[in-house]
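For reference, the chains in residue letters:
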Amino acid sequence: MPSSGHRLRDVEHHPLLTENDSYDSSSSSSSEADVADRVWFIRDGCGMICAVMTWLLVVYADFVVTFVMLLPSKDFWYSVVNGVLFNCLAVLALASHLRTMLTDPGAVPKGNATKEYMESLQLKPGEVIYKCPKCCCIKPERAHHCSICKRCIRKMDHHCPWVNNCVGEKNQRFFVLFTMYIALSSVHALILCGLQFVSCVRGQWTECSDFSPPVTVILLVFLCLESLLFFTFTAVMFGTQIHSICNDETEIERLKSEKPTWERRLRWEGMRSVFGGPPSLLWMNPFVGFRFGRLQTRPRKGGPEFSV
């Protein structure tokens, strides 16, 4: 133990790494400086399949709304207004999905539990710090280890396979926007499906769509089911996320009934900490803060993620 008298705790009582261990401390020290220039991506088979399915289902919904319902409509302004609105919601939803999936959720540098790093912390005598025995890092308060990302994540809420990433300190805002825009587009699609069914029943099925009546019915029914399922799931997740932000408590902390050792933020303080700045329309914009980083491949050891 270092001479400062602090104590190190972990579940499996692993010792601190030394200079002879395999961890390369130089890679960890440089990773924090250029994290903004990297794209985070988790190489998990199930997560990648779920992410691709999400995109395909949104593209399917856009195809049915545009080519089955709106383009054959004789009402020009009805088609234009609803087409622009639905496509805007779809673009915002997919952009939010990408930002959630490709943003570092708040990963703690792997393997930073070295004696040199411990001494640089200048801890007080008797102060307790925690080390994760799985990724060999000093665990910050409210951080939890994700078995899929193979990393400790700051303020980890949960790992979502549909975005192929953890929802944590740095990407929770984009996940909230993703659930909101998917829920809104699902409601819009359900309304359009209802109006299309009424229009076809009152008129001629052969005139209300460019597709044959059986194909039109199948496409509309599948879109209704998809929209209903998506709305139910995302509306519940959106409400859960807003509740967690306002109470300054992650889903993991709630499920584990962890007693808060931190000073909880008030509701609007929690919202500002996640979305940034005072309430404004920028909160609804998933493109805020986006920039193209340098496309430099950075191999990482012992983890399923890669970055560019």
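Residues numbered from 1 in each chain as written. Predicted model: local features only at pLDDT ≥ 70, side-chain atom pairs only at ≥ 80, totals over all residues. Heavy atoms only, no water.

Per an unreviewed UniProt entry, the protein chain is named Palmitoyltransferase, and its organism is Mustela putorius furo. The UniProt entry for the protein chain carries this comment under Catalytic activity (unreviewed entry): "L-cysteinyl-[protein] + hexadecanoyl-CoA = S-hexadecanoyl-L-cysteinyl-[protein] + CoA". (UniProt positions renumbered as here; feature names shortened; annotations may be inferred.)

Help me understand a nonpolar patch on the surface, please; the structure alone is not making it clear to me.
Taken together, F63, F67, L71, F211 and V215 make up a surface patch of nonpolar side chains, about 430 Å² in accessible area. On the basis of relative accessible area, L71 is assigned to the exposed category, the value being 55%. (Patch = residues over 30% accessible without salt bridge, like charges linked within 9 Å, V, L, I, M, F, W, Y side chains within 5 Å. Areas by Shrake-Rupley, 256 points an atom, 1.4 Å probe, with all protein chains shown as cover. Salt bridge = Lys/Arg side-chain N within 4 Å of Asp/Glu carboxyl O. Buried < 20%, exposed > 50% of the residue type's maximum accessible area, 1.4 Å probe, protein only.)

Please explain the packing of aromatic side chains as it appears in this structure.
Geometry of an aromatic ring pair is reported as the spacing of the ring centres plus the angle between the planes. Using the criterion set out here, one finds six aromatic pairs in the structure. Ring geometry for F76 and W77: centres 5.2 Å apart, planes at 75 degrees, overall edge-to-face. An angle of 35 degrees between the planes, with centres 6.3 Å apart, marks the rings of W268 and W283 as tilted. Within this pair, whereas W268 is found in helix 8 (residues 267-275), its partner W283 is found in the loop between helix 8 and strand 9 (305-307), the two being separated by 15 residues in sequence. Using a relative accessible area of 8% as the deciding quantity, one classes W283 as buried. Ring pairs connect the aromatic residues F63, F67 and F211, which therefore count as one cluster. (Phe/Tyr/Trp six-rings, centres within 6.5 Å; stacked < 30°, edge-to-face > 60°. Helix = DSSP H or I, 4+ residues; strand = E, 2+ residues; numbered from the N terminus.)

Just to check I follow, could you spell out helix 8 for this structure?
In an α-helix, one turn spans 3.6 residues, which is why side chains three or four residues apart end up on the same side. By the burial criterion, the buried members of helix 8 are G270, M271, V274 and F275. The arc that holds the buried residues of helix 8, viewed along the axis, is 115 degrees, so those residues lie on one side. Contact partners of the buried residues in helix 8: helix 5 (172-202) and helix 6 (213-247). One or two positions beyond helix 8, positive phi appears at G276, with a value near 85 degrees. (Arc of directions from axis to C-beta. Contact = heavy atoms within 4.5 Å.)

I keep staring at the nonpolar core and nothing clicks. Help me out?
Where a protein is soluble and globular, its nonpolar side chains tend to be buried together. Core analysis: the biggest nonpolar cluster contains 23 residues, and F175, Y181, I182, I245, M271 and F275 have the highest contact counts within it. Where this core is concerned, the elements lending two or more residues are helix 3 (76-102), helix 5, helix 6 and helix 8. Sorting elements by how many residues they give to this core places helix 5 first, with seven residues. In this structure, F275 is in contact with R173, V176, L177, I245 and W283, ignoring residues within four places of it in sequence. (Core = buried A, V, L, I, M, F, W, Y, C linked by side-chain atoms within 4.5 Å.)

Help me understand the UniProt feature "transmembrane region" (unreviewed entry) in the protein chain, please; the structure alone is not making it clear to me.
As annotated in UniProt, the feature "transmembrane region" (unreviewed entry) corresponds to residues 48-70, 76-95, 174-197 and 217-238 in the numbering used here. Helix makes up 100% of residues 76-95 and strand 0%, whereas the separation of the span's terminal C-alpha atoms amounts to 28 Å. The distance separating the terminal C-alpha atoms of residues 174-197 is 34 Å; by composition the span is 100% helix and 0% strand.

I keep staring at the pairing of strand 5 (residues 143-146) and nothing clicks. Help me out?
Working note: regular strand, side chains alternate between the two faces of the sheet. Burial along strand 5 is two-sided: A143 and H145 facing one way and H144 and C146 facing the other are all buried. Here strand 5 pairs with strand 6 (residues 151-154) via four bridges, running antiparallel. Bridge pairing links A143 to R154 in strand 6. Where strand 5 hands over to strand 6, the hairpin turn is made up of four residues, of which K150 adopts a positive phi near 60 degrees. (Pairing = 2+ DSSP bridges.)

Would you explain the packing of helix 2 (residues 45-70) against helix 3 in this entry?
Packed helix pairs are specified by the crossing angle of their axes together with the interaxial distance, meaning the distance between the axes. Running from N to C, helix 2 and helix 3 cross one another at 175 degrees; their axes reach a closest spacing of 10 Å. The angle between helix 2 and helix 3 places the two elements in the roughly antiparallel class. Across the interface between the two elements, A51, T54, W55, V58, A61, D62, V65, T66 and L70 from helix 2 touch Y78, S79, N82, G83, F86, N87, A90, L94, H97, L98 and M101 from helix 3. In terms of residue class, the contact of helix 2 with helix 3 is built from twelve nonpolar, seven polar and one charged. (Axes fitted to C-alpha atoms, helices over the stretch in contact; angles between N-to-C directions. Parallel < 35°, antiparallel > 145°, perpendicular 65-115°, else oblique. Nonpolar A, V, L, I, M, F, W, Y, C, P; charged D, E, K, R; others polar.)

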